[in-house]
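Letter by letter, the chains look like this.
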Amino acid sequence: MIGRGTSKGSSSADGSQSWRELAGSPRKRVNSPQARKRRQVKLLKLLTAVLLLAGLSALVYWLITVVQSREEPIQLSTPSRAVEQLIFDTDGVLPDRWLGTVIRLKQGTTMMEVDIHAMKQALENEPQVISASVERVFPSSLKISIKERQPVLRMAVQGRDGQTEQRIVARDGTIYTGVGYARSALASLPYLQPHQRSDGSIRPLRGMERVAELLAVARQQQPEFYRSWQVISLEHYSGNPSLFGEVIEVRTRAGLRIIFAAATDFGLQLDRLQVIREHVRARGNPAMERIDLSLRGSAAVQFRNGRISSF
Amino acid sequence: MSESRVVGAVEIGTSKVVVLLGEIIDDAGLNIIGHSIGSSQGVKKGVIHNLSAASDCVHAAIMKAEKHAQSRIDEVYLAQTGSHLIGNFNVGSTNVSSPDNLVREIDIQQAREDAKRRKLPADRTYIHHIQNPFLLDGQQVDSPLAREGRHLQVGYWSVHGESSRVSDSLRVIRGIDLDVSDIIISSIASGAVLLEDAEKEHGALVIDIGGGTTDYVLYRGGYIVKTGVVPVGGDHITNDLSIGLRVGRKSAEAFKLKYGRAYYDSADRDEKVWLIGDFTIGDREYPLAAITRIIDARVSEIFSIIKEELSEAELYSPAGIACGVVLTGGTAQLRGIDESVRRHLGLAARVAEGPLDVAAELRQPIYSTALGLLHYALTGQEDRQKPAKPASILRKLSGLLNFE
């Protein structure tokens with residue numbers, strides 16, 4: 001019933017001479033002990049509320065100050081000793097300082113804080129590295145083992161600033177800058193003239209294993225002569241030795257061009273080359289311009305004087 | 001997020017102060033959360049005579065109710081009574097201004113303003129302007145807007161009282177740092193919750209017999225057509241018994257409650273009643289007829305005055321008050337009061353039962369007016385409802401600290 005039912009028309013007295021005009025008249029307040037008590041309680045509550053608010057604000061301010069002034073990160077992991085020693089083992093030439101630039105281990109990092117998986121990934125992302133392993137050797141050592149790519153050839157490329165830069169070519173065709181190699185070791189490597197594809201590009205380098213095999217056999221059978229090899233041209237070698245006409249051309253410092261068949265046994269071809277060289281030397285050692293070992297069953301020698309002999 | 005306000009309904013009566021606390025949620029729901037009844041001092045016939053004594057009683061009752069509710073009052077709805085309250089029926093009229101004779105809002109406003117234009121003496125103030133039906137070319141209409149006609153009339157039952165008396169009531173409430181949102185006369189407040197809409201439509205008279213005054217309100221056609229205050233109440237009956245039987249007020253009150261009946265019956269002549277009833281020294285017999293005759297005289301006086309006032313206003317007709325009389329107030333609990341109404345007013349009567357949606361203890365007639373005040377706090381006297389006041393942060397914070 002309360003709040004339900006309808007009253008037709010309004011009944012409130014508003015406007016002039018309404019009782020509401022009396023409500024605003026500033027006459028002296030009638031006091032009573034109860035009213036005084038109520039006012040005191042109200043004031044006390046208000047005061048308590050203000051103090052509570054002030055206390056809460058102070059607490060929040062204090063917490064913010066404490067958190068902001070804390071310099072050391074909060075220790076979340078279990079306590080462990082800091083890494084004190086790095087054991088670096090490589091089958092190549094990479095130096096210790098290179099390792100420091102790759103793994104970027106901060107001083108004071110504890111054994112358990114080291115993310116060995118991320119570290120292994122970072123190492124294997126380096127082109128000179130074939131594989132890497134990172135191990136914790138407790139109580140405070142980290143062992144890093146690296147397997148490196150071996151250089152087979154070198155390449156001269158044009159850098160971003162237009163300067164000619166030297167790159168290393170590995171047995172699997174990977175091209176990399178090369179860190180830690182002795183200058184003399186790099187100087188002994190022949191240059192590579194890569195196969196140029198129909199679109200003008202030279203990468204990826206394919207079939208480099210076969211080239212590396214030729215160099216290895218030559219280094220073994222004729223080390224003196226091998227040292228005179230200056231350029232290995234893959235102009236007519238696309239990387240697939242089984243294709244017809246795939247040849248590897250070697251240019252010596254004396255300007256002699258030697259053509260090897262990519263599919264034929266390099267040992268036999270080098271034996272034939274040895275025979276030809278000795279025969280020519282016995283005939284007064286006239287200057288040769290081109291020796292073609294890729295012909296089936298024979299070899300052709302072109303002399304500087306234009307004469308051509310068959311062996 | 002719901003907004004709520006705590007409303008205090010305060011009735012400052014001659015013999016008691018009633019306070020009810022209601023929590024109004026989103027202006028749509030009401031929970032009665034606290035109540036208190038305190039004795040009243042400094043009030044005679046519904047009018048404050050001793051401001052300090054009345055303030056003490058009212059403030060104590062308010063604090064008791066707040067403690068009971070564990071909440072603080074935000075605003076007060078105040079009941080007003082007393083013989084200084086007078087009602088006048090004023091009619092306002094206007095000619096419909098539009099050329100097509102369709103009533104517009106401006107015409108309605110003009111008729112309303114015209115009805116309220118009557119100036120009161122400087123020492124009087126309006127409490128209510130109660131709107132009655134519109135008459136459009138003499139035909140009664142509920143809403144004249146956009147209807148065709150030439151002459152629009154509207155009547156207002158305006159209730160006004162002495163400014164100083166009303167101001168005293170306001171000062172009592174302001175003494176405890178509370179604001180009065182509205183003043184509603186006691187009879188209107190009671191009528192709002194005791195009558196069904198159908199009873200208001202068919203005609204009903206609510207009579208609230210308090211300690212020092214009797215308030216009444218007459219409904220017809222759903223409108224309040226007359227209110228009045230008779231400066232006689234239950235305390236006068238007690239006084240009469242005290243003087244007539246030569247006993248103290250306390251004994252007279254005990255006689256009234258224990259043996260009292262609102263009308264005299266010939267069978268009462270042979271019956272005696274004991275003052276105390278345990279045959280101790282001072283205990284003695286009184287004839288029941290003496291008691292019932294004294295009460296009958298006062299009760300019949302009250303009803304006779306009401307009948308006279310209604311007759312003067314040409315509003316007394318059993319057919320126009322088809323739903324009869326609804327009695328409330330402390331004295332409505334007097335035995336035979338409904339029979340007395342039938343004898344003196346010639347109307348069917350019943351003693352009001354409070355609304356069923358409140359607790360059983362609040363259904364007593366003593367709470368009717370305060371419940372009516374809460375009804376108005378929820379619905380408003382205007383058609384529109386008051387928006388809920390947003391609670392301040394400090395108030396919400398201090399509200400958490402109920403350590404009284």
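Predicted model only: the values in this text are computed from it and were never measured.

*Asks:* Help me out: how do you make sense of the overall build of chain A in this one?
*Replies:* Helices and strands together make up the secondary structure of chain A, namely eight helices and 13 strands. Total accessible area on chain A is roughly 19000 Å²; 53% of this is exposed by carbon and sulfur atoms.

*Asks:* Can you walk me through the overall build of chain B in this structure?
*Replies:* Per the secondary structure count, chain B includes eleven helices and 18 strands. Out of the 404 residues in chain B, the part that is buried amounts to 56%. Contacts in chain B between residues far apart in sequence, at least 24 positions, make up 67% of those at least 6 positions apart. Approximately 16900 Å² of chain B is accessible, and the part contributed by carbon and sulfur atoms is 50%.

*Asks:* Mind showing me how you'd approach the packing of helix α1 (residues 51-69) of chain B against helix α3 (residues 163-174) of chain B here?
*Replies:* Relative orientation and spacing of two packed helices are given, respectively, by the angle between their axes and the distance between those axes. Residues and elements named next belong to chain B. The geometry of α1 relative to α3 is characterised by a closest axis approach of 9 Å and an angle of 50° between their N-to-C directions. In terms of their interaxial angle, α1 and α3 are classed as oblique. The handedness of the crossing between α1 and α3 comes out as right-handed. In contact with L51, A54, S55, V58, H59 and I62 of α1, α3 contributes D168, R171, V172 and I173.

*Asks:* Whenever I open this one, the nonpolar core confuses me. Can you help?
*Replies:* All names here are of chain B. One finds V10, I62 and I173 to be the most contacted residues of the largest nonpolar core, which totals 71 residues. Sorting elements by how many residues they give to this core places α1 first, with nine residues. Sequence-distant contacts of I173, defined by excluding residues within four places in its chain, comprise V10, V58, I62, V76, L78, L178 and V180.

*Asks:* Looking at this structure, I do not really get the pairing of strand β9 (residues 247-252) of chain A. What am I missing?
*Replies:* All names here are of chain A. Counted residue by residue, β9 has five buried out of six residues, so it is predominantly covered. Strand direction decides the pairing type here: β9 and strand β10 (residues 257-261), joined by five bridges, are antiparallel. The residue bridging R251 from the neighbouring strand is R257, located in β10. Following β9, the chain reverses through four residues before pairing antiparallel with β10; G255 in that reversal takes a positive phi of roughly 90°.

*Asks:* I would appreciate a short explanation of the confidence of the model for chain B in the present structure.
*Replies:* Low pLDDT marks stretches whose predicted atomic positions should not be read closely. Residue and element names in this part refer to chain B. When pLDDT is averaged across chain B, the result is 88; 92% of the residues are at 70 or more. Note on residues 383-392: pLDDT under 50 across the span, and 18 contacts to partners over four residues away in sequence or across chains. Segment residues 400-404: pLDDT under 50, and eleven contacts once partners within four positions in sequence are set aside and those in other chains are kept. ipTM for the predicted complex: 0.78, alongside a pTM of 0.60.

*Asks:* Which parts of the structure should I look at to understand α1 of chain B?
*Replies:* Given 3.6 residues to a turn, an α-helix orients residues that are three or four positions apart in the same direction. Residues and elements named next belong to chain B. When the terminal C-alpha atoms of α1 are compared, their 26 Å separation across 19 residues agrees well with the 27 Å that a helix rising 1.5 Å per residue should span. With a side-chain oxygen lying 3.2 Å from the backbone nitrogen of S52, the N-terminal cap of α1 falls on N50. Directly beyond the C-terminal end of α1, a positive phi value near 55° is found at Q70.

Rules behind the numbers
Residues numbered from 1 in each chain as written. Chains lettered and ligands numbered in written order. Predicted model: local features only at pLDDT ≥ 70, side-chain atom pairs only at ≥ 80, totals over all residues. Heavy atoms only, no water. Helix = DSSP H or I, 4+ residues; strand = E, 2+ residues; numbered from the N terminus. Areas by Shrake-Rupley, 256 points an atom, 1.4 Å probe, with all protein chains shown as cover. Buried < 20%, exposed > 50% of the residue type's maximum accessible area, 1.4 Å probe, protein only. Contact = heavy atoms within 4.5 Å. Axes fitted to C-alpha atoms, helices over the stretch in contact; angles between N-to-C directions. Parallel < 35°, antiparallel > 145°, perpendicular 65-115°, else oblique. Left-handed = near helix turned anticlockwise from the far one by under 90°. Core = buried A, V, L, I, M, F, W, Y, C linked by side-chain atoms within 4.5 Å. Pairing = 2+ DSSP bridges. pLDDT = per-residue confidence, 0-100. Expected span 1.5 Å × (residues − 1). Polar contact = N/O pair within 3.5 Å; in protein donor to acceptor, adjacent residues only side chain to side chain.

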